[in-house]
Amino acid sequence: MLQPTLYEYRTLILLMLSALVLAGCFSERTVQDSLEDYSERLAYVLDTELPETLPPSLPPLAASSVIKNDIQELNINLRDFYALQDCELGRVVAERNTSLGKSQLPSQRLIYESKLLSVLETCKKALQESNESLAAMMDEWQHQKRIDFVKSWANLIQTSKEIRLALNTPEQLVSMTSATNANTSINSFFFIDSVKYTAGINEVRPIDSAEFEAQLQMITSVRLPASMWRTQLLLAEHLDALTLSLTPKLQAISCPDGRPTDQAKILRNVFYLFFIEEVQPVGSLINQYHYKLQPLWQSWLVHPAFHDDFKHYIATQSNTNFERYSKAIQNHVSLWQGFLKRCNLSPVAPTQA
C-alpha cells in the first residue's frame, strides 16, 4: 500500500483547514437568510412565486445641529475670577477656556459640567464666611449649571457619535449568536440615563470619566437598539408581504375530511424548520430587548430636554414599528394555525410527523 508523502499530507491538511474556514464563514445564518430560505422553500412546494423583500434601512436621525440644546456659558468678571484663585473653581473654568476645552466632545462636556457643579459646591461652602456676596453669586451659578447639566446630558444622547450609531446605524441584524453582549449594552444605556441624577440638589457626584467612556464604548460596539429596530422592520415587511401572498395559496390546499395530503405535510415541515426554528427565536429576542428598554424610551419621550424630532424617532421605532412588527408576527402565525387546524396537523418537528 502506497504511503502518502509529506507534501501530500501537508496538502491534505491545508485542504481540511480551508474547508473548516469556509464552513465557519458560511455557518452563521442571519434572520434575513432564514426568511429568504423560508420563502424559497414555500414557493417551491406551492409551485408559485412569492414576493422578495429587500433589507430595509432605518430612517435617519435629525441632524445634531438641529436637535442640540444651547448651553449658557458661565461668565465671570476678572475681579471675581481672581478672587477664585485659591479655589479649584478658577482652575476648572480656566481649563474650559483653552482650545481643547472649547472643542469638547459631548461626553467630555458632560463630565466637565459635573466637575464644575462639584467644585461650585465646594467653593461656595469655603467662601460663605470670607466672601458672602461671591458665595451668593455661586449659588446662582450653581442653579444655572444644574439646568445646563441636564441639557448637556440630553446633548450627549442626541448628538454624540456613540449614541447616534447605537440608535440609527446597525452593524448586524439580531441573531442568537449576537445576543452575548445585549444585556450588558442595555445596562450601559440605563447607566448613561442615570447620570442625569448625579447633579442633585443636596449632593453633586462628579462623573467617573473612565467608567463613563467605557459604558459609551459598550453601547456603540453592540448598537443594540438599531439592530433590534432594523430587524423588527425587516420581519414586519417580509412577513406582511408573505402572509398576503400565502393566504389564498394555503386556502387552496385540499385536506379532504381533515386528512393532510403529502403537500400539506411538507408545508408544515417548512413552516417548522424555518419559521418556528429560526425566525421565532429571533422574534423572542426582539421582544425581550424591547420590554427591557421600554421604560427608558418612555422616560425619554416625556423629558423636556429632548428635541421633538428626537422624540418622534424614538416613538416611531419603539412604539409604532414594534406594534407593526408584532401584528405581522401575529397575522402570520394565525394564518398557519388556521391551515394546520383544517388539515389536522400540529407544528411539530419533521421527525415527529
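Let me begin by describing the structure that accompanies this report. (Residues numbered from 1 in each chain as written. Predicted model: local features only at pLDDT ≥ 70, side-chain atom pairs only at ≥ 80, totals over all residues. Heavy atoms only, no water.)

## Section: the environment of P304
Alright, step 1. Relative to the helices and strands, P304 resides in the loop between α13 (262–301) and α14 (308–342).
Alright, step 2. Residues P304 and V150, 154 residues apart in the sequence, show an inter-C-alpha distance of 9.7 Å. (Helix = DSSP H or I, 4+ residues; strand = E, 2+ residues; numbered from the N terminus.)

## Quick look at the pattern of salt bridges
Alright, step 1. Applying the stated criterion across every chain, the model contains twelve salt bridges.
Alright, step 2. Between R29 and D37 there is a salt bridge whose closest N-O contact spans 2.7 Å.
Alright, step 3. The residue K125 makes a salt bridge to E121 at a minimum N-O spacing of 3.4 Å. Highlighted residues: K125 and E121, both in helix α7 (residues 106–127), separated by four residues, approximately one helical turn.
Alright, step 4. The exposure class of K125 is exposed, given its relative accessible area of 54%.
Alright, step 5. Via salt bridges that share partners, R109, E113, K145 and D148 belong to a single interconnected network. (Salt bridge = Lys/Arg side-chain N within 4 Å of Asp/Glu carboxyl O. Buried < 20%, exposed > 50% of the residue type's maximum accessible area, 1.4 Å probe, protein only.)

## What about helix α11 (residues 209–222)?
Quick reminder: α-helices carry 3.6 residues per turn. Residues three or four places apart thus point the same way.
Alright, step 1. The end-to-end C-alpha distance of α11 is 20 Å, a good match for the 20 Å that 14 residues give at a rise of 1.5 Å each.
Alright, step 2. By the burial criterion, the buried members of α11 are F212, Q215, L216, I219, T220 and V222.
Alright, step 3. Within two residues after α11, R223 carries a phi angle of roughly 55 degrees, on the positive side. (Expected span 1.5 Å × (residues − 1).)

## Observations concerning the side chain of Q317
Alright, step 1. Mapped onto the secondary structure, Q317 falls in helix α14.
Alright, step 2. Overall, Q317 belongs to the buried group, its relative accessible area being 0%.
Alright, step 3. A polar atom in the side chain of Q317 sits 3.2 Å from the side chain of N321.
Alright, step 4. Once residues lying within four places of it in the same chain are set aside, the contact partners of Q317 are L58, P59, W229, Q232 and F322. (Polar contact = N/O pair within 3.5 Å; in protein donor to acceptor, adjacent residues only side chain to side chain. Contact = heavy atoms within 4.5 Å.)

## A look at the state of the cysteines
Alright, step 1. Scanning the entire structure with this criterion turns up one disulfide.
Alright, step 2. One disulfide bridge connects C255 with C343, the sulfur atoms lying 1.9 Å from each other. Given an S-S torsion of about 85 degrees, the disulfide between C255 and C343 has right-handed geometry. Residue C255 is located in the loop between α12 (224–251) and α13, and its partner C343 is located in the segment after α14; the two are separated by 88 residues in the primary sequence. An identical accessibility class is assigned to C255 and C343; each is buried. (Disulfide = S-S within 2.5 Å.)

## What about empty space enclosed by the protein?
Alright, step 1. A full pass over the atoms with the stated rule returns one cavity of 30 Å³ or more.
Alright, step 2. Its volume calculated, the largest cavity comes out at about 70 Å³.
Alright, step 3. Considering only residue class, the lining of the largest cavity consists of five nonpolar, four polar and no charged. (1 Å grid on protein atoms, 1.4 Å probe; cavity = no way out; pocket = protein on both sides within 12 Å on 5 of 7 lines; lining within 4 Å. Points joined across faces, edges and corners; volume = space filled by probe spheres on them. Nonpolar A, V, L, I, M, F, W, Y, C, P; charged D, E, K, R; others polar.)

## Brief notes about the packing of α7 against α11
Alright, step 1. Between α7 and α11, the shortest axis-to-axis distance is 11 Å and the interhelical angle comes to 150 degrees. If you check the angle between α7 and α11, you find them roughly antiparallel. Once α7 is placed against α11, the crossing between them reads as right-handed. For the pair formed by α7 and α11, the contact residues are S107, Q108, L110 and I111 on the first element and S209, F212, E213 and L216 on the second.
Alright, step 2. In terms of residue class, the contact of α7 with α11 is made up of four nonpolar, three polar and one charged. (Axes fitted to C-alpha atoms, helices over the stretch in contact; angles between N-to-C directions. Parallel < 35°, antiparallel > 145°, perpendicular 65-115°, else oblique. Left-handed = near helix turned anticlockwise from the far one by under 90°.)

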